[in-house]
Each structure stands twice: as C-alpha cells, then as structure tokens.
Amino acid sequence: MKETSGRAFATRFALNPSSYAWLLGAGASATAGIPTGYQMIQEFRAQLYASETGISSREIDSSDPLWQERIDQHHERKGVLPPKWSPTEYSRAFEALYPSQEDRRLYIKRQVSKGSPSLGHKVLGALLSSNQTSCVFTTNFDTLIEDSATVAAQLLPPSDRSSVTLAAIDNSARAETCLRENEWPLIVKLHGDYQSVELKNTDSELLEQDERLRLVLTQSLHRFGLIVVGYSGRDESIMQALRAVLTDPVHYPKGIYWLCQDPTRLLPAVTEFLEEAETAGVDVHLVCGTTFDELLGNIADITELPPPLVSHVISSERSITPTPVTLERSPTLAAPVLRLSALPLLAMPHSARKITLDSPVEVAEIRGLLKESMTKAVIGLAGQPGVIAAFGDDEALCKALSPLGPKLSGEIQLDISKDPWAKGVIYEALIRALCRNLPLRARLQGRGHSLSVSWPHANLTAEAAAERRQQLANLKSAYGTELTGLVPGTTARYAEGVWIRLEEADGRWWVVFEPATFIDFSRAGKDADPTQSTLEHRKAEDWRRERWVQKYNPRWSAIFDAWVELLAHINGARRTAYRLPEGRGITAEFELGPRTARSRPSHDHNSYHVSGR
C-alpha cells in the first residue's frame, strides 16, 4: 500500500475538501483528554484483575510492564477474556466489568466528561460550519465535534454558516433525510452518544449496525472519499459496511486515507480491507507518522477558511510572550538538599541459563516441580514457547524438571529495558540476593517485589540469635520498636520491610527501596466469622497507619541509613542469589553502590567533583 505524509495529504485535501467523508474512532479524542479504546481495555483488564484477586486497584499500575505481565497471565489462566489484541477484546472486557447496559452508559458519560475540544476538533468544526466538509461518521460517544461546529458557526454571519445535522441510533431518520435531500453537513454517531438510551459496546450490540445508519454510511461512500482517523477496526459491523461498498460499481471515488502511526500495528481486518480496496481499484493511502491534531493543523494551514474561523483556530494555540526575569544571585548550597531512597546498581547479570522444554508449560507448573524437589532456583518464561531462563544449579534444575524434558541450551540474554520477562527474572534474583545470609524474607507473591525482616526461628542457636541481633541492631534502633511482632488486639503478625523497584535514570539503573510495614493475616480460620475477620483487618490497617504517621524526617533518615547498611554493607556490596560450585550453573550476581542518590542544584558545583560523591 502507498504511504504518504500528513502534509502531503493536506495539500491534496485542500483542493476539494467537501469531497471527503471522515470516520473517527477513539484515537481522535485522545488529545482531548478522553481515554482511547486501548487505554480503556487496559483499565478494564486491570479492574477485573483487582476484583478477582482482591488486590486494591490503587496498588495496580497498568502502565507498568510487570503489572501488565501479571494481569495478562491472570486472564490467560482464567480464559474468560479473548486473547490480547483480539478484535473483541474491548467489547468482552467492557461487558465483563459492567454487565448492565445502564452501567456502561454511566461509565461512558463519566469518561466523555473529561474531554474538551482539541485543535483537531476545532478545525473539523470549522470545516463543517463553513460547509467544506460534508459528513463525519464517528464511533465515539462524546460531543466534541458537534460542540466545535456549534462554536465555529456562531462566529460566522448567518448567511455564511452551515447548520449541522446530528444523527445517532435513536434518531437515525435524520441521517436518511439528509442523504436523500443532500442536506449537508452531517454528523453520524454510529454507536450513539452518551445521552442515548442505547449504546453499542458489547459483542452482541456491535455485531449488527443500525440498518438506517449503515445505509447512510454505505451510500455516502459512493459519493465521497474516506478519511479514517483514530479507528482501530474492532467493530465487525462497521468493517462489513466498509467492505460492502466495494461490491458496488461506484465506491470511494476520492480514495481511502487511513491515518496510522505504524502500519505494522494495524489489525488484520483493517489490512485485509485495505488490500481488498486496492484490488477493487480504490486509491488507498496510509497517512503515517502524524496525529489527528497534526493532520488537521496542516489542513487548517493550507485550506481556505473564513477569517473569523482562522482567528478562532489560531487562538486555540497558546501564545508565548517573552518576559524579562531577574536572576537571583545568592551563595550556592555546598551540599545536596534532598536524599533519595535509591542505591546505584553497579553490576547485574546480563544472561541466564537457557533451558528448552519438550512443550510449553505454565510457570506455576515449573515452580511446583522446583518446590516439590526443594530445588533453589530463579526461573522465568523467556518469551518463547517452551523456553525458560534460569539461575541455579544446572544438574539440580534438570533433575527437578525431568518430567518436562529439559535441555541445557547455552545462555539467554537478559535485556530488562526491552523484555518484561527479563525484568521479572532479574527482580526475583535481586530480592533473593539481598536476602541471602541475612535475617530477611523474600516476599514475591501477589503484589510487586519486596522483602521484610524474617521472624526468628524458635530453634535458633545462641550464636545464631546473637548474630541476628547484631545484624538488625541499627535497624531496630532506627525504628525505635521491635521489627516483628503481633499487631495489638489481633492475631495478625507484622514485619518491617521495604518495597523494591528497579528504575533507570541518569544513564544507569537504580535499586529504589521504600520502607513499609507488612501485615500477614492468619490463614487458619477459613470458617471463621467474616465479621470478625473484617474487624481484624481494619484494626491492623489503623494500627499500621498510626505507626507510620509518627515517623518524621529525622526518623526517616535513620531508617534509610539502617536499610542501606543492611542491604549494601553488612555482607558486602557484591551479592549473589545462590552459592554454586564452580561450573555447576549460572548464579545471579549484583553489586550495589554504597551511597544513596541525592538531588543537586541545576548548576555545576565543585562539591560534586569530590571522589565518591
């Protein structure tokens, strides 16, 4: 298929603007502050994950690759939602989260209330009100286009303005009249707007398009070319209508222009349709590397608009007026002013053992075999069917995984900047390395990556107990309380610990730690009174909140110092996940810098050239 730029298309469009129809999807409203279809899919999947696992939705960052991987694995196991990137993913996830049509309508109403017209909407409104665009079809529920057209029309003399006809599912007869009597311009809301009693969101609703609106869409495309912006092609009913036009003798007389950032990301249904259109003799172009606002900005720059509308569109772009500013001149600080809870990660593994299995398996099955054989190892699915990355004893790993037909296949590279699975493997290995030979417990289940002070074993020798007290002495002094114990008034146990996060900044990776108090509730009472269980949870949360509200800056500084000592000094800066005999496998080795990151003024200063800063 031919590709063209937004500027080149704008030049062609300006020659005859009224010969094109527009089809807008959710992507066209993204810069207006309304979530795109993909963003809503991510939100639906995350909310369903939170509901089904009992995790607070506030703890979930659906933009984080690690959370995305966790959420995806959960839904794959459940098997309720279609595979990721499936055309029905949006509709199925929406219906699963909000089964009631009324709830879906209220959700849409809340989302569209967040938006205000962007530059693209203002330009399109100007084209409509000046009768330079004949019709706009949209799957969106918002009112941004018609609002923009109304505002633009009020800027024109009554004799020069065009009255826009708006048609949706519940008043489709308007669209038929407009088509029959050539009363343009026309805006058609193919799925309704948020005020409609009926909206099209679910599979069953999207399966069949309203016959009247479908006729208006197909008949219009016998007269006009088609510009598609921000539309994914997920609605089978609309894609069927677009394909149906190709069977008529006259179709898309001015061609099809499909706006996309990356042609390789188009859904198969879209690619197949465009290829069919090319075969049918339609002039098909992909308008690449531009957005809705950029495209309409180019169109406004080239197309002749009435002067009041030119001023209206230009005024929407924020003007910047230079203003003289008096620079402050005062002695600079000789030291950083803000301390960060981040240690530089000076070294980490860049490869792991590659093990191929006879067939793809779930990671839970692999972990089950390791646990059954008491094999210490870090493993992760390596993004390829039947391939895992592992740290640990080769011989022990092969023996534990023998039912799966394991084969040692050299090493596999770990790129945590690019591969979420690699970051997951590094996370687990880092947590295990930080806990090794210290009175710390790795917490790798459920929510993120963390570690906490371990509960002392009842059968500790006097020597081991003394070593434990010495290792935790500064941490206990910093907190001013016991590091583990029972939450008062409950059967829950608490332990002080830290959340661990890997972040890339200033050209290097950092281990960010965030102190937290972890509370573990007893699993013994599955048949216990639910009211009592809820009361215990509330008591524990109130106790934790009160515990942390009393920790002011001096206490925080001491806590940071104690955790840095424990994580990076007591057992040395170089840490390994497992101790292995020479040549028996690959272990994960890390090295942490000895000092936490600190902020600095935005200018250079001699204090930052001191060795070791």
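Use the structure listed above.
Residues numbered from 1 in each chain as written. Predicted model: local features only at pLDDT ≥ 70, side-chain atom pairs only at ≥ 80, totals over all residues. Heavy atoms only, no water.

### Regarding the overall build of the protein
Argument step 1. A tally of regular secondary structure across the protein gives 20 helices and 21 strands.
Argument step 2. For the protein, the proportion of its 613 residues judged to be buried stands at 47%.
Argument step 3. A fraction of 72% describes how many contacts in the protein between residues 6 or more apart in sequence connect residues 24 or more apart.
Argument step 4. A total of about 31200 Å² of accessible surface is found on the protein, and carbon and sulfur atoms cover 49% of it. (Helix = DSSP H or I, 4+ residues; strand = E, 2+ residues; numbered from the N terminus. Buried < 20%, exposed > 50% of the residue type's maximum accessible area, 1.4 Å probe, protein only. Contact = heavy atoms within 4.5 Å. Areas by Shrake-Rupley, 256 points an atom, 1.4 Å probe, with all protein chains shown as cover.)

### Quick look at the nonpolar core
Argument step 1. Judged by nonpolar contacts, the single largest core of 54 residues is most densely connected at Phe391, Leu440, Leu451, Leu475, Ile500, Trp563 and Phe590.
Argument step 2. Of the residues forming this core, the biggest block, 11 residues, is contributed by helix H17 (residues 420–435). (Core = buried A, V, L, I, M, F, W, Y, C linked by side-chain atoms within 4.5 Å.)

### Focus: the environment of Gly25
Argument step 1. Within the secondary structure, Gly25 is located in the loop between strand E2 (20–24) and helix H2 (37–53).
Argument step 2. Note on Gly25: relative accessible area 0%, which makes it buried.
Argument step 3. Once you skip the residues sitting within four places of it in the chain, Gly25 turns out to touch Thr139, Asn140, Val229, Gly230 and Tyr231.

### A look at the sheet that holds E2
Sheet strands line up and pair through hydrogen bonds in the backbone, either parallel or antiparallel.
Argument step 1. Taken together, the 8 strands give an open sheet; going across it, the order is E1-E8-E7-E6-E2-E3-E5-E4, and neighbouring strands pair in parallel fashion. This sheet does not close on itself; its edge strands, each paired only once, are strand E1 (2–4) and strand E4 (165–167). Ignoring which end each strand starts from, the neighbouring axes of this sheet average 20 degrees apart.
Argument step 2. Sheet topology places strand E7 (residues 256–260) next to strand E8 (residues 284–288); 5 bridges connect them, and they run parallel. Within E8, the residue paired with Ile256 across the bridge is Val284.
Argument step 3. The strands touched by helix H7 (residues 144–154) are E2, strand E3 (135–138), E4 and strand E5 (186–189); relative to E5, the strand with the most contacts, the crossing angle is about 160 degrees.
Argument step 4. Its contacts with the sheet put helix H13 (residues 292–302) on E2, strand E6 (225–229) and E7, and the angle it makes with E2 is roughly 160 degrees. (Pairing = 2+ DSSP bridges. Axes fitted to C-alpha atoms, helices over the stretch in contact; angles between N-to-C directions.)

### Remarks on the side chain of His121
Argument step 1. One can find His121 in helix H6 (residues 119–129).
Argument step 2. Take His121: its relative accessible area is 1%, and that puts it in the buried class.
Argument step 3. Of note is the side chain of His121, whose polar atom sits 3.0 Å from the side chain of Ser118.
Argument step 4. Those residues within four positions of His121 in sequence are excluded, and the remaining contacts are Ala28, Ser29, Ala32, Leu144, Ile145, Ser148 and Phe292. (Polar contact = N/O pair within 3.5 Å; in protein donor to acceptor, adjacent residues only side chain to side chain.)

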